[in-house]
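Next come the chains, spelled out residue by residue.
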Amino acid sequence: MEKKLIMFLLLLQLLSLNTLSLKHSSAKPNAKITVMGLVYCDICSNNSFSKHSYFIPGVEVRIICRFNSASSRTREMITFSANRTTNELGLYKLDITSLEGVACAAEAKKDSLMTSCQASLIGSSKDSCNVPGFRTTTDQVVFKSKRSNLCVYGFTALNFRPLQKNLHLCGK
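Quick notes on the rules
Residues numbered from 1 in each chain as written. Predicted model: local features only at pLDDT ≥ 70, side-chain atom pairs only at ≥ 80, totals over all residues. Heavy atoms only, no water. Helix = DSSP H or I, 4+ residues; strand = E, 2+ residues; numbered from the N terminus. Buried < 20%, exposed > 50% of the residue type's maximum accessible area, 1.4 Å probe, protein only. Contact = heavy atoms within 4.5 Å. Areas by Shrake-Rupley, 256 points an atom, 1.4 Å probe, with all protein chains shown as cover. Disulfide = S-S within 2.5 Å. Phe/Tyr/Trp six-rings, centres within 6.5 Å; stacked < 30°, edge-to-face > 60°.

K.L.:
What should I look at first to understand the overall build of the protein chain in this one?
P.N.:
Summing up its helical and strand segments, the protein chain has two helices and eleven strands in all. Across the protein chain, helices and strands are ordered from the amino to the carboxyl terminus as α-β-β-β-β-β-β-β-β-β-β-β-α. Counting over 172 residues, the protein chain shows a buried share of 36%. Residue pairs in contact within the protein chain that sit at least 24 positions apart in sequence constitute 69% of those at least 6 positions apart. Taken as a whole, the protein chain presents about 10,000 Å² of accessible surface, with 52% of it coming from carbon and sulfur.

Written out as structure tokens, the structure is:
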């Protein structure tokens with residue numbers, strides 16, 4: 001249930017992206033890549049999003065992505081590393097607006113985009129919820145659009161938890 005909720009929220013964010021474009025790409029592909037995820041407070045300290053959990057704004061997250069572009073003429077690896085802060089909805093997002101020579105949703109296998117991305121917690125903005133739960137994630141769902149050469153990588157959620165579990169809210 002929690003993964004479906006989180007994936008649904010990521011999909012809503014995808015739909016609200018203003019980078020979606022139906023323009024035809026130039027002869028040389030330029031991939032537009034968005035990496036995003038959520039951070040929440042796991043009040044019951046069970047590594048799941050419950051009715052008592054909430055998304056945390058102001059959390060620092062480190063994102064590292066490696067893109068291998070392999071074609072018949074070139075073999076390159078491009079690495080991006082950035083820190084992002086979650087917004088008021090607990091969402092962090094990294095937009096890579098142009099990755100020249102890389103086809104995000106390539107039709108030919110020889111030009112496919114191979115990636116490895118991860119997101120890691122740096123620090124919480126809430127003193128009441130600052131013990132890391134899921135610290136790093138590499139699990140992702142990829143949404144690709146062939147028309148606009150757009151890829152959106154959505155990570156599973158990261159979380160913090162309180163120092164002590166609230167037995168009144170969560171039970172034993």
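K.L.:
In this structure, what is going on with the state of the cysteines? I would like to understand it.
P.N.:
Linking two cysteines covalently through their sulfur atoms gives a disulfide. Under the defined criterion, the tally for this structure stands at three disulfides. Disulfide pairing places Cys41 opposite Cys129 at an S-S distance of 2.0 Å. Between Cys41 and Cys129, the S-S torsion sits near 105°, and that sign places the bridge as right-handed. Highlighted residues: Cys41 in strand S1 (residues 30-41) and Cys129 in the loop between strand S6 (113-123) and strand S7 (131-132), separated in sequence by 88 residues. Look at Cys41 and you get buried, because its relative accessible area is 0%. Note that Cys44 is cross-linked by a disulfide to Cys170, the S-S spacing being 2.0 Å. Given an S-S torsion of about -80°, the disulfide between Cys44 and Cys170 has left-handed geometry. Taken together, the residues span a long stretch of sequence, with Cys44 in the loop between S1 and strand S2 (54-55) and Cys170 in helix H2 (residues 167-170) at a distance of 126 residues.

K.L.:
Even after reading the chapter, I still don't get the packing of aromatic side chains, so can you show me in this structure?
P.N.:
Note on aromatic pairs: each is described by the distance of the centres and the angle between the planes. Scanning all chains against the criterion turns up two aromatic pairs. With 5.2 Å between their ring centres and 75° between their planes, Tyr40 and Phe49 make a pair best called edge-to-face. Classification of Tyr40 by relative accessible area gives buried; the value is 1%. Geometrically, the ring pair formed by Phe49 and Phe55 is stacked, given 4.8 Å between the ring centres and 25° between the ring planes. Counting every residue linked through ring pairs, the aromatic cluster contains Tyr40, Phe49 and Phe55.

What is shown is where atoms sit, not what they do.
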